[in-house]
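Okay, here's what each chain looks like letter by letter:
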Amino acid sequence: MSEPLLEVRNLKKYFPVQHGMFSSGKGFVHAVDGVSLTVEKGETFGLVGESGCGKSSLSRVILGLVKRDSGDILYKGQDVRTLSRSERAKLRMVFQNPFASLNPKERVFDIIAEPYRIAGGFSHTQIQEEVLKLMDLVGLSRGYATRYPHEFSGGQRQRIGIARALAMNPEFIVCDEPVSALDVSIQAQILNLLRDIQKELGLTYVFISHNLGVVKYISDRIAVMYLGKIIEVSEAKDLYASPAHPYTQALLSAIPGAVEYLHIDRVLLQGDIPSPVNPPAGCRFCTRCPYAQERCATVEPEMRQVGEGHYAACHLVGKEAE
Amino acid sequence: MNVLKQCIRNKKFLLSAIILVPLLFVALFGNFLISHDPLEIHYTQTLEAPSAEYPMGTDEYGRCIACRLIVGLQPTMIVAFGGTVIAMVAGSLLGLLAGYIKDAWGNAIMRVVDIILCFPSILLAMLVVGFWGSGMFNLVIVVGILYTPHFCRIAYSSTRKLRRVEYVESQQLLGASTFRILVKTLLPNIVSSLIIQFSLTVSSGILLESGLSFLGLGVEPPNPSWGQMIGDARAYIATNGQYMFWPSLFLCLTILSTNLMGDALRDVLDPKLKKSF
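Residues numbered from 1 in each chain as written. Chains lettered and ligands numbered in written order. Predicted model: local features only at pLDDT ≥ 70, side-chain atom pairs only at ≥ 80, totals over all residues.

Undergrad: Where do I start with the overall build of chain A in this structure?
TA: Counting secondary structure elements, chain A contains 10 helices and 12 strands. Along the longest, intermediate and shortest principal axes, the C-alpha atoms of chain A span 65 × 55 × 40 Å. Per-residue burial over chain A gives 41% buried out of 322 residues. (Helix = DSSP H or I, 4+ residues; strand = E, 2+ residues; numbered from the N terminus. Buried ≥ 20, exposed ≤ 12 C-beta atoms within 10 Å, placed from the backbone.)

Undergrad: Can you walk me through the sheet that holds strand 12 (residues 310-312) of chain A in this structure?
TA: Sheet strands pair via backbone hydrogen bonds, and the direction of the pair is either parallel or antiparallel. Residues and elements named next belong to chain A. Spatially, 6-7-8-3-9-10-12-11 is the arrangement adopted by the 8 strands of the open sheet, whose pairing is mixed. Taken across any chain shown, the strands that pair with only one partner, and hence form the sheet edges, are strand 6 (91-94) and strand 11 (304-307). On average, each strand axis in the sheet is inclined to that of its neighbour by 25 degrees, with strand direction left out of account. By the bridge criterion, 5 bridges tie strand 7 (residues 172-176) to strand 8 (residues 204-209) in an arrangement that is parallel. (Pairing = 2+ DSSP bridges. Axes fitted to C-alpha atoms, helices over the stretch in contact; angles between N-to-C directions.)

Undergrad: So what exactly am I meant to see when it comes to the nonpolar core here?
TA: The nonpolar side chains of a soluble globular protein tend to be buried, and buried together. Membership of the largest hydrophobic core comes to 143 residues, with the highest contact counts inside it found for I112, A163, I173, F207, A223 and V224 of chain A together with V143 of chain B. Residue contributions to this core peak at 16 residues, all from helix 3 (residues 65-101) of chain B. With near-sequence residues (within four places) excluded, F207 of chain A lies in contact with T44, F45, G46, L47, C175, V215, I218 and S219 of chain A. F13, I196, M261 and L265 of chain B belong to the second-largest nonpolar core, a separate cluster that totals 7 residues. (Core = buried A, V, L, I, M, F, W, Y, C linked by C-beta atoms within 7 Å. Contact = placed C-beta atoms within 7 Å.)

Undergrad: Whenever I open this one, the sheet that holds strand 1 (residues 4-18) of chain A confuses me. Can you help?
TA: Residues and elements named next belong to chain A. Pairing in this open sheet of 4 strands is antiparallel, and the strands run 2-1-4-5 from one edge to the other. Of all the strands in the sheet, just strand 2 (26-40) and strand 5 (78-79) have a single pairing partner and so form its edges. As judged from the 5 bridges shared by strand 1 and strand 4 (residues 70-75), these two strands associate in the antiparallel manner. Pairing of R9 across the sheet is with D72, part of strand 4.

Undergrad: Please clarify how the interface of chain A and chain B should be interpreted in this entry.
TA: As a measure of interface size, the accessible area lost when the parts come together is often cited. With 19 residues of chain A at the interface, the matching set in chain B holds 13 residues. For the side of chain A that touches chain B, the element with the most residues is helix 3 (residues 108-119) of chain A, which contributes 3 residues. Among the residues forming the side of chain A that touches chain B, the class breakdown is 10 nonpolar, 3 polar and 6 charged. (Nonpolar A, V, L, I, M, F, W, Y, C, P; charged D, E, K, R; others polar.)

Undergrad: How should I be thinking about helix 5 (residues 121-132) of chain B in this particular structure?
TA: Note on helix geometry: an α-helix contains 3.6 residues per turn, so any two residues three or four positions apart are oriented the same way. An ideal rise of 1.5 Å per residue puts 16 Å on 12 residues; helix 5 of chain B measures up with 17 Å between its terminal C-alpha atoms. After helix 5 of chain B finishes, the residue G133 of chain B shows a positive phi value of roughly 85 degrees. (Expected span 1.5 Å × (residues − 1).)

Undergrad: It is not clear to me how unusual backbone geometry should be interpreted in this structure. Could you clarify?
TA: The phi torsion of most residues other than glycine is negative, and most of the peptide bonds are trans. In this chain, P221 of chain B is followed by P222 of chain B through a cis amide linkage whose omega measures 10 degrees. Within the secondary structure, P222 of chain B is located in the loop between helix 8 (178-214) and helix 9 (226-233). Look at M168 of chain A: it is not a glycine, yet its phi comes out positive at around 65 degrees. With respect to the helices and strands, M168 of chain A occurs in the loop between helix 5 (154-166) and strand 7. Its 18 C-beta neighbours within 10 Å are what place M168 of chain A among the partly exposed residues. Backbone geometry places E177 of chain A, a non-glycine residue, at a positive phi of 45 degrees. Mapped onto the elements of the fold, E177 of chain A is located in the loop between strand 7 and helix 6 (184-201). Residue class for E177 of chain A comes out buried when judged on the 22 C-beta atoms lying within 10 Å of it.

Undergrad: What am I meant to see in the pairing of strand 8 of chain A here?
TA: The side chains of a regular strand alternate, first on one face of the sheet and then on the other. Residue and element names in this part refer to chain A. In terms of burial, strand 8 is a largely internal element, 6 of the 6 residues being buried. Neither face of strand 8 is left uncovered, since the one carrying T204, V206 and I208 and the one carrying Y205, F207 and S209 both have all their residues buried. Looking at chain direction, strand 3 (residues 44-48) and strand 8 are connected through 5 bridges and run parallel. Bridge assignment links V48 to a residue of strand 8, and that residue is S209.

Undergrad: Explain the confidence of the model for chain B to me, please; I cannot follow it from the model alone.
TA: It should be kept in mind that the predicted coordinates are not to be read in detail where pLDDT is low. Residues and elements named next belong to chain B. The predicted model of chain B averages 88 in pLDDT, with 97% of residues at 70 or higher. Here helix 1 (residues 2-9) stands out as the least confident element of chain B, with mean pLDDT 81; helix 3 is the most confident, with 93. Scored by ipTM, the complex comes to 0.85, with pTM at 0.84. (pLDDT = per-residue confidence, 0-100.)

Undergrad: Looking at this structure, how should I read the packing of helix 4 (residues 104-118) of chain B against helix 6 (residues 136-162) of chain B?
TA: When two helices pack together, their arrangement is given by the angle between their axes and by how far apart the axes lie. Residues and elements named next belong to chain B. Where helix 4 meets helix 6, the closest approach of the two axes is 9 Å, and the angle between their N-to-C directions is 135 degrees. When the interaxial angle is binned, helix 4 and helix 6 end up oblique. Between helix 4 and helix 6 lies a crossing whose hand is left-handed. Where helix 4 abuts helix 6, its residues M110, V113, I116 and L117 lie against I145, T148, P149, C152, R153 and Y156. The class makeup of the residues in the contact of helix 4 with helix 6 is 8 nonpolar, 1 polar and 1 charged. (Parallel < 35°, antiparallel > 145°, perpendicular 65-115°, else oblique. Left-handed = near helix turned anticlockwise from the far one by under 90°.)

Undergrad: How should the packing of helix 5 of chain B against helix 8 of chain B be read in this particular structure?
TA: Residues and elements named next belong to chain B. With their axes 11 Å apart at the nearest point, helix 5 and helix 8 run at an angle of 55 degrees to one another. Comparing their axes, helix 8 and helix 5 come out oblique. Two packed elements cross with a definite hand, and for helix 5 against helix 8 that hand is right-handed. Of the residues in helix 8, those in contact with S121, I122, A125 and V129 of helix 5 are L208, G211 and L212.

Undergrad: Explain the environment of I218 of chain A to me, please; I cannot follow it from the model alone.
TA: Residue and element names in this part refer to chain A. Position of I218 among the secondary structure elements: in helix 7 (residues 212-218). Residues I218 and C289, 71 residues apart in the sequence, show an inter-C-alpha distance of 29 Å. Residues in contact with I218, not counting those within four places in the same chain, are T44, G46, L191, L194, R195 and F207.

Take a look at the structure:
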């Protein structure tokens, strides 16, 4: 089965920070700092990390909404920038905030029909048929087609957003924290909807979240991000059973009940996340790591294999660790 | 339809509509409402007090003041509305573009707009009239250029707020053209603030045209306009006050009601601002 759909190699995106008109110093936020990952066809690739670690920037760079500084993004082996318009339209996104992702001045029908209208070449009856089909698929009553977004709850809005993302038979969808703005009771519905649709249409997801429970539920493989870098990648089960990187361990132990159910020790981190304008040299995590050694502060750790399909960027784990 | 209902319920809107609707009617059909030729001179009937024949009296050439007021509204309204429409279209498009692309070109547009804003409006208008002569067409263009910055800045700041909103990103992702994003996605979301500005700008336009006509740079005599009538009446203010009174009164009412209309529209279209009266 494993055939890479999306390959990202050493991707970098720095955002300039201006201090003021007359100051000479100019810094950069290292939002995405050398990220490599592979997403296979049909899988759900989870991406977790705390707020501000670059998850959303990474997704926007992959989709071309933000220009990359360097690195390669290959979709089916082809640079995404050289994809044709119709190929490009196979890459979609479900947005985080359902209150900002729908144009408040358009009716539901027009919102879902927009991809067809932009692509052009569809008759009105064709569009109508497709839109109603999509509304059925995501569980929206057909009678809602003529309503405006403000008449809906968050969960229903997210369904509208998902319907729009599914228009024109996409293959690859980035879900950028699609449930974090929703009530807990609605989250499960939307997650199940995403999963059912994936099975039905054979989609590939990159699923971004800061909620470890949500990511575990939906993902096949998971990558953990910290300060613009991916520090651990693994099959979902392995990651939760045997987290290798100290940051992942700390993250997992912070899940309520994790100490009891996952049988891991609670790791309490000290201090704050360092500024992404001035990330630490060496290992990004060394300022807060309970096991930090001298080399951690100077030498940047490479990704190392710690198990089958399980990689972590830490000097203290893997084959070469003493 | 909800907006219309709210407008009708708004007292300021009703009051201004009661004044503005007849005024617009007069501006459109004034030529059919008059009983005297507004240009016809009667040397025997100069500066008369109001009478049955001349309800507002006569001016220094014996012309009917009421008729001249009715006919004089049209050029003022054409200049104010025509100029404001030009300003709104040009300003909104430039502002949208500058706010959305926000690179060197966007900056260039905004700096040019700032330069236009630096000129005192009446001075710039006098310059243009001085170079190219007065006349309706020139005045419309002058008002258009002068008030483009107002719309441009409003469109620019509203667009800046929205350009990174997720529904715009969604359009970018789908490969929508810049024009489509600007006109179909962004414009409907900023149009209410532009409508508010429209009615406020119309009243400035009326005032500007009247000012120019007052100075003798607007509508060419003997054709009447309100500002010009006020200017002419200045010489007779001590002996015949009512000559000055009528055009001033109607100019006041017009400006007041267009401003009120703007306020009312703001109350209705921008509910975030609390009502203040």
